Every structure is written in structure tokens, then in C-alpha cells.
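Chain residues, written in single-letter form:
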Amino acid sequence: MTITGEIRSSKRRSGPPRLKITSLEVLCGILVLALLFQSRLVDLLDVPKLRTASTVFVAICVQAMPFLVLGVLISGAIAAFVPASVLRKLLPSKTALAVPVAGVAGVALPGCECASVPVARRLMQQGVAPAVALTFLLAAPAVNPIVLVATAVAFNDTPMMVVARFVGSLLTAMVMGWLWVRFGKAEWIAERALARLHDHPGTNKWAVFAESARHDLVDAGGFLVLGGLFAAAFKTFVPVAWMQTLGGQLVLGVLVMAFLAVILALCSEADAFVAVAFSALPLLPRLVFLVVGPAVDVKLIALQAGAFGKSFAFRFAPATFVVAILCAVATGVVLL
């Protein structure tokens, strides 16, 4: 490069800094506008259905956020304090054998699906096979002690519902893990989710923990809000009378309850209390509701799309939906 070219290049670099508008500035602008036009907004939004939808939306987000925070804290702790070599040593070297181990390990994470997504992504980044991480993602929200205790309390007169939910959910997670071993492709998962994290001995581990947790919380929180909006819209605008026609139609009841589990996007710690309220339905459709919900719902699909990419979510979610229904029905026929 000539001296003149270098001078011109340095002039371009030394020019006035460009104003960069981030999401924080946009949020502040929206809040200022909301305060300025508060009275008009109240009059505009004072509609019964909108009030109901906003209540449902806030309830979903408030219910899920503590477990999402728990998940990103665990995710940050794995990134900062657990070397990748340790994780690989704890799991069987053969992926097909590591899948059931990951499924049973889901008992140790007392959280919902919001918590399991960032943890599963962190496991992949630590070198754990995707099939193993995905098995843990599906098992953790459904087989942990908090969910099982909540199910036992809700179905106190049907103790076998707890056993059926545990078996059906664990079977769903393991089958999906084995299916990924056989048919899954790494290119379906976004590169950011597979980028290896390496151990850096001189790095401040608490700084790594804080940065990892902050990044995962911001990344997953936006998709949680998106899923909550879809769930609130469905629950508000679909007539309740439609559910009253399912009492004597088992097959239709199973399908409707499966789709309802996807749309309502309930937290796995609370869905049993909703399922028990459908007293007009047999136990089998309600079991399908409990098995499908923690495995695939609109909130979880949005979180998976953010963590692993849209290409992954649009393949993994439909397959999980079908497998969860089949596993729930098979388990219910045997145990209920």
C-alpha cells in the first residue's frame, strides 16, 4: 500500500464514531413512548380478551423465567467450572449407551424445558454428543422430582399416572436420542451451538460464568417471550366449548390433547394441575398431554430455534411430537 493510501485509510478510521443503536436503546425508546401515551394505551387496550391474553402471557413468562434463570446459571457453571474432559469421562464412550444415562441424569435437574435448552447447548459445546445432550434436554423437564411430586399431588387418586408419566417421558427422550444417533446430522444444528469451548487455565472463571449466563439468558429470553405470545393468543381466542365434545372420542381426544399441550406451552411443574381439570376426558388423553407438553410446545420450539437453529427445530420438533404421542399411548395402554 502507498503512503497516500495509508493516509486515506487512517483518515477513514479516525473519522467520527457512528451512532450504534442497540436493543437497549430501542427498549428505552419504547418505554418512554409508553409513558407519554399511557392514558391512550390504556383506553385502546381495555378489551376483555386482550386483558385475558395479557394475563396468560405474563403468567407463562413469570412461571417459566425462574427455571430459565436456573438453566442459564447451570449452563454458565458448566462452561466455567467443568472441564470438557471431565464430562466426556463421565459418559460411556459409545453414544448409544450414553443416551439412557443422559435420560436418567435428567432426574437431577429440577427445572422445566426452559432450563434444559441452554444446558443442552452448553453440553454440546463441551464436546458431549448431540444425541446425548438432546436426550437430557427432553428428559430433564419431565422426570425430575418436582414434576413427579406435582403430578402425584394433582392425581392423588390415580398414583399410576405418576409412573406412567415417568416411563412415557423417559422413553420419549431415549427413543429420540437413539433416532438422532441413527439419522441425525450435525449440519442440522447451528454452528454456534456446536462451537467447542476450550479450557483456559489463566482465565477468570467467575467472569466466564457471568458472561456465559448473561449471553444465554438474553438469547433464550427473547424466544421465551415469543412462545408466550403464541400460547396466550390460542388460550384466549379458542372457544372453551370445543373441548366439551371430546369426552367419548378417545382417538380424537388424544390428538386434541397433544396439540393442546403444544399450544398452551405450560411449565412442566404446573401442567398436571391443568390436566386433572379435564375430568371429562379419560386418563389416556391426559397422559398424552403430560408427556407431549414438556417435550415439544411453541415456547420450547422457539427456544430450540434460538439455541440450535431453525433447521434443527423444524426437524426435531415434529419428530418429537410423533414419538411422544406413541410412547405416551403405549405406556398408558400398559399401565393405566
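Residues numbered from 1 in each chain as written. Predicted model: local features only at pLDDT ≥ 70, side-chain atom pairs only at ≥ 80, totals over all residues. Heavy atoms only, no water.

Focus: the overall build of the chain
Line of reasoning, step 1. Counting its secondary structure elements, the chain contains 17 helices and zero strands.
Line of reasoning, step 2. Each of the 336 residues in the chain was classed as buried or not, and the buried ones make up 44%.
Line of reasoning, step 3. For the chain, contacts bridging at least 24 residues in sequence account for 85% of all contacts bridging at least 6.
Line of reasoning, step 4. A total of about 17400 Å² of accessible surface is found on the chain, and carbon and sulfur atoms cover 71% of it. (Helix = DSSP H or I, 4+ residues; strand = E, 2+ residues; numbered from the N terminus. Buried < 20%, exposed > 50% of the residue type's maximum accessible area, 1.4 Å probe, protein only. Contact = heavy atoms within 4.5 Å. Areas by Shrake-Rupley, 256 points an atom, 1.4 Å probe, with all protein chains shown as cover.)

Section: the packing of helix 8 (residues 130–143) against helix 10 (residues 160–183)
Line of reasoning, step 1. The interhelical angle for the contact between helix 8 and helix 10, taken along N-to-C directions, is 165°, at an axis separation of 8 Å. Comparing their axes, helix 10 and helix 8 come out roughly antiparallel. Helix 8 and helix 10 meet at a crossing whose hand is right-handed. Mapping the contact onto sequence places Pro130, Ala131, Leu134, Thr135, Leu138, Ala139, Ala142 and Val143 in helix 8 and Arg165, Phe166, Ser169, Leu170, Thr172, Ala173, Met174, Met176, Gly177, Trp180 and Val181 in helix 10.
Line of reasoning, step 2. Across the contact of helix 8 with helix 10, the residue classes break down as 14 nonpolar, four polar and one charged. (Axes fitted to C-alpha atoms, helices over the stretch in contact; angles between N-to-C directions. Parallel < 35°, antiparallel > 145°, perpendicular 65-115°, else oblique. Left-handed = near helix turned anticlockwise from the far one by under 90°. Nonpolar A, V, L, I, M, F, W, Y, C, P; charged D, E, K, R; others polar.)

Focus on the nonpolar core
Line of reasoning, step 1. In terms of nonpolar packing, the biggest core is built from 67 residues, with Phe289, Val292 and Phe308 touching the most fellow members.
Line of reasoning, step 2. The greatest single-element share of this core, amounting to eleven residues, is contributed by helix 8.
Line of reasoning, step 3. Dropping the residues within four chain positions of it, Val292 is found in contact with Ala258, Ala261, Val262, Phe321, Ala324 and Ile325. (Core = buried A, V, L, I, M, F, W, Y, C linked by side-chain atoms within 4.5 Å.)

Comments concerning a nonpolar patch on the surface
Line of reasoning, step 1. A surface patch of nonpolar side chains, about 400 Å² in accessible area, is lined by Val32, Leu33, Leu36 and Phe37.
Line of reasoning, step 2. By secondary structure assignment, the location of Phe37 is in the loop between helix 2 (23–36) and helix 3 (38–45).
Line of reasoning, step 3. Overall, Phe37 belongs to the partly exposed group, its relative accessible area being 39%. (Patch = residues over 30% accessible without salt bridge, like charges linked within 9 Å, V, L, I, M, F, W, Y side chains within 5 Å. Salt bridge = Lys/Arg side-chain N within 4 Å of Asp/Glu carboxyl O.)

Some remarks on the environment of Phe316
Line of reasoning, step 1. Along the chain, the position of Phe316 falls in helix 17 (residues 310–335).
Line of reasoning, step 2. Exposure remark for Phe316: the relative accessible area of 3% places this residue in the buried category.
Line of reasoning, step 3. Linking Phe316 and Trp188, residues 128 residues apart in sequence, is a C-alpha distance of 9.4 Å.
Line of reasoning, step 4. Once residues within four sequence positions are removed from consideration, Phe316 is found in contact with Leu134, Leu138, Met176, Trp180 and Gln304.

Focus: the packing of aromatic side chains
Line of reasoning, step 1. All chains considered together, the criterion is met by five aromatic pairs.
Line of reasoning, step 2. Aromatic side chains Phe312 and Phe316 sit 4.8 Å apart centroid to centroid with 20° between the ring planes, which places their arrangement in the stacked category. Of this pair, Phe312 and Phe316 are both found in helix 17, four residues apart, which corresponds to roughly one turn of the helix. Here Phe312 matches Phe316 in class, with each residue buried.
Line of reasoning, step 3. Feature note: the residues Trp180, Trp188, Phe308, Phe312 and Phe316 constitute an aromatic cluster, connected by ring pairs. (Phe/Tyr/Trp six-rings, centres within 6.5 Å; stacked < 30°, edge-to-face > 60°.)

Overview of helix 8
Line of reasoning, step 1. Between its first and last C-alpha atoms helix 8 spans 20 Å; for 14 residues at 1.5 Å apiece the expected length is 20 Å, and the two agree.
Line of reasoning, step 2. Most of helix 8 is tucked away: 13 of the 14 residues are buried. (Expected span 1.5 Å × (residues − 1).)

Here we look at the UniProt feature "transmembrane region" (unreviewed entry) in the chain
Line of reasoning, step 1. Within this structure's numbering, the places UniProt gives as "transmembrane region" (unreviewed entry) are residues 21–37, 57–84, 131–155, 162–181, 220–238, 250–266, 272–292 and 312–335.
Line of reasoning, step 2. Helix makes up 100% of residues 312–335 and strand 0%, with an end-to-end C-alpha separation of 33 Å. (UniProt positions renumbered as here; feature names shortened; annotations may be inferred.)

What to know about the pattern of salt bridges
Line of reasoning, step 1. This structure, assessed with the given rule, holds one salt bridge.
Line of reasoning, step 2. The residue Lys299 makes a salt bridge to Asp297 at a minimum N-O spacing of 3.6 Å.
Line of reasoning, step 3. On the basis of relative accessible area, Lys299 is assigned to the buried category, the value being 1%.
Line of reasoning, step 4. Of the residues examined, Asp297 reaches a relative accessible area of 0% and is grouped as buried.

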